[in-house]
Amino acid sequence: MPRVDVSIKTRDGVCPASVFTPAAVAGPWPAVIFFMDGYGIRPALWEMAQRLADGGYLVLLPDLYYRDGPYEQMVPKAAAADPALKDAMMAKVRSLDRDRKVADAGAFIEYLGSRNDVKGSRFGATGYCMGGNVSLTAIGAFPERFAAAASFHGGGLAANNPDSPHHFVGKITGRVYVAGAVEDGSFPDEQKQRLEQALTEAKVPHVVETYPGALHGFAVPDHTVYNEQAAERHWTALFTLFAQTLGAAVR
């Protein structure tokens, strides 16, 4: 697997990350930042990042929990069954406010811009659960550096707080794709409507939709609610988005 571990200097320390490149396609490649879900870095995300990379992209997967130092690898199925483990995970999620997300995204952009195997100056972003929020936060904060951003079963995308991503979409020039889950308390219908309205008023090219029958976490293979049909639909949408905005993917 063409994966290389790197360290990225940020405002608040040093962020460990992995870089994935296509197994059979020579660079340079368009770059995509893959924002992790709340369970942190683990093999399931490495597998997803490599699948994305094999479409013809350089994929950066940073560990957004680096400020806490090393942590034991989390297992979603175990955390779902243990309230203490889930509470610990949620504490990590809540530690990432907008200021930290924006600062980190800036560092990742700078890192990608320093690599001679990255093609172009505008990137893609995708994120899952917590990472879906980070993805939309990043494109809102750095609209000139992102050609597209996606969020899959993302939470709090149009919440009732001043840091919510929907407040910062006004300058986005790239495309936005959001796929929500059904009966998702972190992104209910009222938030979907609020996000849709904000993107429409800002004239941002976008799609905001819900996958029928898919629950929060549907795209990540080690989640208890992983839904293969919805996950494959997510891959089709993601590769289409990036092919149209970053360049043709190799499928």
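Each chain has its residues counted from 1, following the order in which its sequence is written. For this predicted model, a pLDDT threshold of at least 70 governs which residues receive local features, and a threshold of 80 or more governs which side-chain atom pairs are given and counted, while totals over whole chains, interfaces and linings are taken from all residues. The side-chain values count all of the structure's non-hydrogen atoms but skip hydrogen atoms and water molecules.

Q: Break down the packing of helix 1 (residues 43–53) against helix 7 (residues 228–245) for me, citing the residues and quoting the values.
A: Under this scheme, a helix contributes an axis fitted over its contacting stretch, all axes are lines through C-alpha atoms, and angles between N-to-C directions fall in the 0 to 180 degree range. In this description a helix means any DSSP run of H or I spanning at least four residues, a strand means any run of E spanning at least two, and both kinds are numbered starting from the N terminus. Following both chains from N to C, one finds helix 1 and helix 7 inclined at 45°, their axes separated by 11 Å at the closest point. On the basis of their axis angle, the class for helix 1 and helix 7 is oblique. Judged by the sense of rotation from one axis to the other, the crossing of helix 1 with helix 7 is right-handed. Here Met48, Arg51 and Leu52 of helix 1 lie close against helix 7, whose contacting residues are Glu232, His234, Trp235, Leu238, Phe239 and Phe242. Orientation labels follow simple angle bins: below 35 degrees gives roughly parallel, above 145 gives roughly antiparallel, 65 to 115 gives roughly perpendicular, and whatever is left gives oblique. The crossing is said to be left-handed when, going from far helix to near helix, the turn is anticlockwise and less than a right angle, and right-handed when the turn is clockwise. Only heavy atoms enter the contact rule, under which two residues are in contact if any of them lie within 4.5 Å.

Q: Describe the pairing of strand 1 (residues 3–10), with residues and values.
A: Sheet faces and side chains relate simply in a regular strand, where the side chains alternate between the two faces. Strand pairing is defined by DSSP finding a minimum of two bridges between the two strands. Relative to strand 2 (residues 13–20), strand 1 runs antiparallel, the two sharing eight bridges. Its bridge partner being in strand 2, Asp5 is matched across the sheet by Ser18. In this antiparallel pair of consecutive strands, strand 1 and strand 2, the connection spans two residues.

Q: Give a detailed account of unusual backbone geometry, specifying residues and quantitative values.
A: Cis geometry marks the peptide bond from Gly27 to Pro28; its omega dihedral reads 5°. Along the chain, Pro28 turns up in the loop between strand 2 and strand 3 (31–35). Residue Cys129 is not a glycine yet carries a positive backbone phi of 55°. Positive phi is not limited to glycine here, since Lys203 has a value of about 60°. The cut-offs for exposure are 20% and 50% of the maximum accessible area for each residue type, with area from a 1.4 Å probe on protein chains only; residues under the lower value are buried, those over the upper are exposed, and the others partly exposed. Relative accessible area serves as the criterion here: at 71%, Lys203 is assigned to the exposed category.

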